[in-house]
Amino acid sequence: MSPATPPVNPGKNDGRKGRWDNHREQRRAELTASAIEAIRLHGPDIGMEAIAAHAGVSKPVLYRYFADKSELWLAVGQSAGRIILEAMVPAVAGVREERAVVAAVIDVYLAQIEADLNLYRFVVHQPDVARHRDVVADVMDTVASGLARIFGDRLRARGLDSGAALPWAYGVVGYVQAVGDWWLRQQQPISRDALCDYLTTFLWSGISGMQRAADMPGGLAAFDLKKAEGE
C-alpha cells in the first residue's frame, strides 16, 4: 500500500486564505463607504444598480461582496452607528457637569440625523429589504454601548455602582431615537436647540439622582430605598 500523501504547504494555503479574507473585508468596507456616499447624493430610495455605478463596479461585482440589498443595508447601518458614536465621544469627553453630558449626547445625535437625513432614512425607513437582522437595533447597540462606558466611568468616579450605566444608556438612546424620528417625520416642527433642551430636561430629572446618591452610604440602592420609604 502506498503511503498517504502529505498535505502540500498547508501553511501557505492558510496564508492565502487569510490574505483573501482580509482583502474581502477591506473591499466590503470600501464598497460600504461608497454606498453611503451614493445614498447621501441620490437619496434613501437608491437601488443597487445606482450604488454599483457610483462605486465604479458592475452589479455582479457588488453582489460578490453583498448577497443582496439587505446585506448592504446591514453594513451601511452598522457604519452609521459608528459615525454617530465617533461624533459623540469627543463631544462628551470635555464636558464635566453631568447634565451637560446628557445635553451633548442628545445634541450630537439630533445634529447627525438632521445633517445626514438621506442616510438616516435609508437605515431606519427602508421597506424593501428582507430584515434577517434589525439594523436599527444594531445601531442602538453600538451607540448605547459607547454611551454606557461614559456613564460607567462617571458613576465609578463618584464611588457608585456602575451597574446602572447600561440600562440608562439604552433608555437614553431609545427615547432620543424615538423622539428624533418623530421630529424628522414631522419636518422639524421645532428647532433642534429647543428639542434638545426639552429632552435634556426630561431625562435629567431621572438621572440627577446619582449626584445625591453619591453622598449616601450604599449609593444608588440606598437612594432608591429612601425614596420608597418617603424619606
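If you're wondering where the values come from, they're calculated on a predicted model, not measured in any experiment.

Novice: Got a minute to help me understand the overall build of the protein chain in this structure?
Specialist: Within the protein chain, the regular secondary structure consists of 11 helices and zero strands. Ordering the α and β elements of the protein chain from the N terminus gives α-α-α-α-α-α-α-α-α-α-α. The buried share of the protein chain, taken over its 231 residues, is 42%. The long-range fraction of contacts in the protein chain, counting pairs at least 24 apart against all pairs at least 6 apart in sequence, stands at 67%. Only carbon and sulfur atoms are counted for the fraction: they give 54% of the accessible area of the protein chain, which is about 12,700 Å².

Novice: Even after reading the chapter, I still don't get the side chain of aspartate 181, so can you show me in this structure?
Specialist: Tracing the backbone shows aspartate 181 in helix H8 (residues 165–185). By relative accessible area, which is 9% here, aspartate 181 ends up buried. Within the structure, the side chain of aspartate 181 is placed 2.6 Å from the side chain of tyrosine 120, a separation counted as a polar contact.

Novice: Would you take a moment to explain the nonpolar core for this structure?
Specialist: Note that soluble globular proteins tend to have their nonpolar side chains buried in a common cluster. By size, the foremost hydrophobic cluster in this structure holds 64 residues, and its most contacted members are Val76 and Val123. The element contributing the most residues to this core is helix H7 (residues 135–157), with 11 residues. Excluding residues that lie within four positions of it along the chain, valine 76 makes contacts with Thr32, Ala35, Ile36, Ile39, Leu119, Phe122 and Val123.

Novice: Could you clarify how one ought to interpret the packing of aromatic side chains in this entry?
Specialist: When we look at a pair of aromatic rings, we describe it by the centre distance and by the angle of the planes. All chains considered together, the criterion is met by two aromatic pairs. Ring geometry for phenylalanine 151 against tryptophan 168: centres 6.5 Å apart, planes inclined by 85 degrees, an arrangement best described as edge-to-face. One end of the pair, phenylalanine 151, is in helix H7; the other, tryptophan 168, is in helix H8, with 17 residues separating them in the sequence. For phenylalanine 151, a relative accessible area of 8% translates into the label buried. Residue class for tryptophan 168 comes out partly exposed when judged on its relative accessible area of 22%.

Novice: When you look at H8 in this model, what are you seeing that I'm missing?
Specialist: What sets the pattern is the α-helix's 3.6 residues per turn: residues three or four places apart point alike. Given a rise of 1.5 Å per residue, 21 residues ought to cover 30 Å, and the 30 Å separating the end C-alpha atoms of H8 matches this to within 8%. Here H8 has its buried residues at Ala165, Ala169, Val172, Val173, Val176, Gln177, Val179, Gly180, Asp181, Trp183 and Leu184. Following H8 by one or two positions, glutamine 187 adopts a phi angle in the positive range, close to 60 degrees.

Novice: Explain the confidence of the model for the protein chain here, please?
Specialist: Interpreting fine coordinate detail is not advised for predicted regions of low pLDDT. Within the protein chain, residue pLDDT values average 81, and 77% of them lie at 70 or more. Of all the helices and strands in the protein chain, helix H11 (residues 219–228) carries the lowest mean pLDDT, 49, while helix H2 (residues 48–55) carries the highest, 95. Contacts of residues 225–229 to residues separated by more than four positions or lying in other chains number two contacts, the stretch itself having pLDDT below 50.

Novice: Would you take a moment to explain the pattern of salt bridges for this structure?
Specialist: As a working rule, side chains carrying opposite charge can pair if their charged atoms are close by. Tallied over the full model, the rule gives seven salt bridges. A salt bridge links aspartate 107 to arginine 192, with the shortest nitrogen-to-oxygen separation between them at 3.2 Å. Taken as a pair, aspartate 107 in helix H5 (residues 98–115) and arginine 192 in helix H9 (residues 192–207) lie far apart in primary sequence, 85 residues in all. Classification of aspartate 107 as partly exposed rests on a relative accessible area of 25%. Residues participating in the shared-partner salt-bridge network are Asp107, Glu114 and Arg192.

Novice: Would you explain empty space enclosed by the protein in this entry?
Specialist: The rolling of a water-molecule-sized probe over the atoms marks out the regions of remaining empty space. Going through the model one piece at a time under the given rule, you end up with three cavities of 30 Å³ or more. Quantified by volume, the largest cavity comes out at close to 210 Å³. Around the largest cavity, the lining comprises 17 residues; the ones closest to its centre are Ala80, Ile84, Ile113, Tyr120 and Val139. Mapped onto the lining of the largest cavity, the elements with two or more residues apiece are helix H4 (69–93), H5, helix H6 (117–124), H7 and H8. Counted by class, the lining of the largest cavity contains 14 nonpolar, two polar and one charged residues.

Novice: Quick question: what am I supposed to make of the environment of aspartate 134 here?
Specialist: Secondary-structure assignment places aspartate 134 in the loop between H6 and H7. Under the relative-accessibility criterion, aspartate 134 is labelled partly exposed at 43%. It is 9.5 Å that separates the C-alpha atoms of aspartate 134 and glycine 77, two residues lying 57 residues apart in sequence.

Analysis parameters
Residues numbered from 1 in each chain as written. Predicted model: local features only at pLDDT ≥ 70, side-chain atom pairs only at ≥ 80, totals over all residues. Heavy atoms only, no water. Helix = DSSP H or I, 4+ residues; strand = E, 2+ residues; numbered from the N terminus. Buried < 20%, exposed > 50% of the residue type's maximum accessible area, 1.4 Å probe, protein only. Contact = heavy atoms within 4.5 Å. Areas by Shrake-Rupley, 256 points an atom, 1.4 Å probe, with all protein chains shown as cover. Polar contact = N/O pair within 3.5 Å; in protein donor to acceptor, adjacent residues only side chain to side chain. Core = buried A, V, L, I, M, F, W, Y, C linked by side-chain atoms within 4.5 Å. Phe/Tyr/Trp six-rings, centres within 6.5 Å; stacked < 30°, edge-to-face > 60°. Expected span 1.5 Å × (residues − 1). pLDDT = per-residue confidence, 0-100. Salt bridge = Lys/Arg side-chain N within 4 Å of Asp/Glu carboxyl O. 1 Å grid on protein atoms, 1.4 Å probe; cavity = no way out; pocket = protein on both sides within 12 Å on 5 of 7 lines; lining within 4 Å. Points joined across faces, edges and corners; volume = space filled by probe spheres on them. Nonpolar A, V, L, I, M, F, W, Y, C, P; charged D, E, K, R; others polar.

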